[in-house]
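Below are the chains, spelled out letter by letter.
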Amino acid sequence: MSIQNAYLLSVLDGLKARSAHEPEFLQAVEEVLESLEPVIEADPRYEQQNIIGRIVEPERVVMFRVPWVDDSGKVQVNRGYRVQFNSAIGPYKGGLRFHPTVDLSVIKFLGFEQIFKNSLTTLPMGGGKGGSDFDPKGKSDGEVMRFCQSFMTELQRHIGPDTDVPAGDIGVGAREIGYMFGQYKKIRDEFTGVLTGKGLSYGGSLARTEATGFGLCYFADAQLRDNGMSFQGKRVVISGSGNVAIYANQKCTQLGGKVIAMSDSNGYIVDENGIDHKIIKEIKEVKRARIKTYLEYVPTAKYVETVAGQPNGLWTVPCDIALPCATQNEICEADAKALIANGCIGVFEGANMPSTPGAIAAYQAAGILFAPAKASNAGGVATSGLEMSQNSERLSWTFEEVDAKLKGIMEGIYAACAAAAEKYGMKGNIQAGANIAGFLKVADAMLWQGI
Ligand code: NDP
């Protein structure tokens, strides 16, 4: 689908000229703007008030030096980022990613997506994202702690419980959040819900750890049921083996699916008897080892090494359902075609922007189900929103209470996306529905708040 509307085209062309070196960001913006054509044409105020020109520009970008001392006494330097993209409907909210591929383009694409995702949750949260090119892999706990402390020493002056509330993302789990929270508290001398994904002993919410993976499966289940299908008896392939992937495995197994393949950046495992999420949890969260270690637990499983720069064979494993839960652009057009040729009925995104535009076009041409990340992985940030509510109340809700709210939110997001798609003449197109439903609330708030 290409954009025809002159106003949208002029905004996109201007952005391409100014941000030519930010490919992931431009990809995320183009994907949203394509869906907004009928919305812009139906209401002239969006163009009159240049809402699109404003929404693609972050309110604030912070970049900073993060110096730290490694175990050998050497001084290392990384680059830190926080992009505060849009606060029209609430304080900035979005994760921190620690991964060597992090740059401004990646953080801006994630922050832009986060605006619409947070809006879809119906909770009062604006969009933001941050992180660093620091790689926690292979670092000692002491090194990770010193890095996190240095990172927070600068970040703390830009965030706060009513300003900007970061959370985890790739490379940022309970350990990193703990060290950053400790440093924030020490410098600011206040115990507030300034980060989410905290440990249970100091303000975390039950079910936050599980929320993105569980939420993805609640969303997928709603979409499957709406199309007369379910997880029951389905072969499922999940990419990644981190936070999102592990709990997606647990929930879709509970819903009757069988997870036959999972991966990390070195390779993938195939176990036709179904992969037990508890083994992956131990390998990744306790041992912090590679997925290949699975063979020590299940010798009958198969392991295939991934070669950097070569196609990822994971998507050629025949499956009914694909849950990409690793990283951006991990399913290219050829991967999508391989999935479709093997009979895949749906791709439900756990990671952010895991499908390239070519892959999405292939899903659409084949007519398979497609759940876009900003809707289907919104369960993590939604539960972060619930963690913020509990912190404000100074109360803790039970696992069942939070899980039930999460399920309700995910089913609500599916219904909102489906309704928006239908209203704007694209029935069944959940991708367009998500962009439209997410946009309308933020755009309306921006109109009310003036320029
Ligand atoms: P984790 O760090 O817990 O796990 C990431 C997994 O993806 C690991 O298995 C990792 O393998 C793999 N991976 C990461 N980068 C690459 C890469 N470039 N190539 C191949 N594999 C890679 O992260 P999360 O599970 O938290 O996040 C996964 C995705 O879900 C991300 O896109 C994130 O933005 C998104 N997301 C996460 C949310 C959350 O609540 N955590 C909320 C919403 C979205 P390896 O260990 O080898 O690097």
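Keep in mind it's a predicted model, so treat the numbers as computed, not measured.

Participant: Can you lay out the packing of aromatic side chains for me, pointing to particular residues and giving the numbers?
Facilitator: Taken as a whole and assessed by the stated rule, the structure comprises 19 aromatic pairs. Taken together, a centroid distance of 5.0 Å and an interplanar angle of 70° make the contact between Phe112 and Phe116 edge-to-face. Of the two residues, Phe112 and Phe116 both sit in helix α5 (residues 104-120), 4 residues apart, roughly one turn of that helix. Residue class for Phe112 comes out buried when judged on its relative accessible area of 0%. A centroid spacing of 5.5 Å and a plane angle of 85° characterise the contact between Phe219 and Tyr414, whose relative ring orientation is edge-to-face. Placement of the pair is Phe219 in helix α8 (residues 208-226) and Tyr414 in helix α16 (residues 399-423), with a sequence separation of 195 residues. You can call Tyr414 buried: its relative accessible area is 8%. Within the aromatic cluster, the residues linked to one another by ring pairs are Phe64, Trp68, Phe98, Phe134, Phe147 and Phe151. Here Lys405 stacks its cationic end above the ring of Trp397, 4.5 Å away from the centre of that ring.

Participant: Outline the sheet that holds strand β11 (residues 346-348), listing residues and values.
Facilitator: Reading across from one edge, β9-β8-β7-β6-β10-β11-β12 is the order of the 7 strands in this open sheet, with mixed pairing throughout. Strands at the two margins of the open sheet, each flanked by one partner only, are β9 (302-305) and β12 (369-371). Adjacent strand axes in the sheet meet at a mean angle of 15°, parallel and antiparallel pairs treated alike. Sheet topology note: the strand β10 (residues 321-324)/β11 ladder contains 2 bridges and is parallel. Paired with Ala322 across the strands is Val347, a residue of β11. Of the strands in this sheet, β6 (235-239), β7 (258-264) and β10 are in contact with helix α9 (residues 243-254), which crosses β7 at around 175°.

Participant: I'd like to hear about the sheet that holds strand β5 (residues 164-167), residue by residue, with values.
Facilitator: Hydrogen bonds between backbone groups are what pair the strands of a sheet, and the pairing can be parallel or antiparallel. Reading across the sheet, the 5 strands line up as β1-β2-β4-β3-β5 and stay open at both edges, with mixed pairing between neighbours. Edge positions in the sheet fall to β1 (60-69) and β5, since each of these pairs with one other strand and no more. Going from strand to strand, the sheet's axes swing by 20° on average, the running direction of each strand aside. As judged from the 6 bridges shared by strand β2 (residues 75-86) and strand β4 (residues 126-132), these two strands associate in the antiparallel manner. Directly across from Tyr81, in β4, lies its bridge partner Gly131.

Participant: I'd like to hear about the domain arrangement of the protein, residue by residue, with values.
Facilitator: Under the domain assignment, the protein is made up of domain 1 (6-55), domain 2 (60-190) and domain 3 (211-376). Centre-to-centre, using C-alpha coordinates, domain 1 lies 31 Å away from domain 3. The interface of domain 1 with domain 3 comprises 5 residues on the first partner and 6 residues on the second. Carbon and sulfur atoms supply 57% of the area that domain 1 and domain 3 bury against each other, a total of about 410 Å² over both sides.

Participant: Kindly report on the nonpolar core, identifying the contributing residues and their values.
Facilitator: Formed by 99 residues in total, the largest nonpolar core has its most connected members in Phe112, Leu323 and Phe439. Not counting the four nearest positions on each side in its chain, Phe112 is found in contact with Phe25, Ala28, Val29, Val32, Ile55, Val56 and Phe85. Formed by 22 residues, the second largest nonpolar core is a distinct cluster that contains Val62, Val144, Ile159 and Val194.

Participant: I'd like a description of helix α10 (residues 277-286), backed by residues and values.
Facilitator: Looking at α10, one finds that the buried residues are His277, Ile279, Ile280, Ile283 and Lys284. One side of α10 holds all its buried residues, which, seen down the axis, span an arc of 160°. Those residues of α10 that are exposed and angled more than 90 degrees off the buried face are Lys278 and Val286. Check the buried side of α10 and you find it contacts α9, β7, β8 (267-270) and α11 (294-297). Two to three positions downstream of the cap, the backbone nitrogen of Lys278 sits 2.9 Å from a side-chain oxygen, assigning the N-cap of α10 to Asp276.

How each quantity is defined
- Residues numbered from 1 in each chain as written.
- Predicted model: local features only at pLDDT ≥ 70, side-chain atom pairs only at ≥ 80, totals over all residues.
- Heavy atoms only, no water.
- Phe/Tyr/Trp six-rings, centres within 6.5 Å; stacked < 30°, edge-to-face > 60°.
- Helix = DSSP H or I, 4+ residues; strand = E, 2+ residues; numbered from the N terminus.
- Buried < 20%, exposed > 50% of the residue type's maximum accessible area, 1.4 Å probe, protein only.
- Lys NZ or Arg CZ within 6 Å of the ring centre and 35° of its normal.
- Pairing = 2+ DSSP bridges.
- Axes fitted to C-alpha atoms, helices over the stretch in contact; angles between N-to-C directions.
- Contact = heavy atoms within 4.5 Å.
- Domains from an automatic or database assignment.
- Buried area = accessible area lost by both parts, 1.4 Å probe.
- Core = buried A, V, L, I, M, F, W, Y, C linked by side-chain atoms within 4.5 Å.
- Arc of directions from axis to C-beta.
- Polar contact = N/O pair within 3.5 Å; in protein donor to acceptor, adjacent residues only side chain to side chain.

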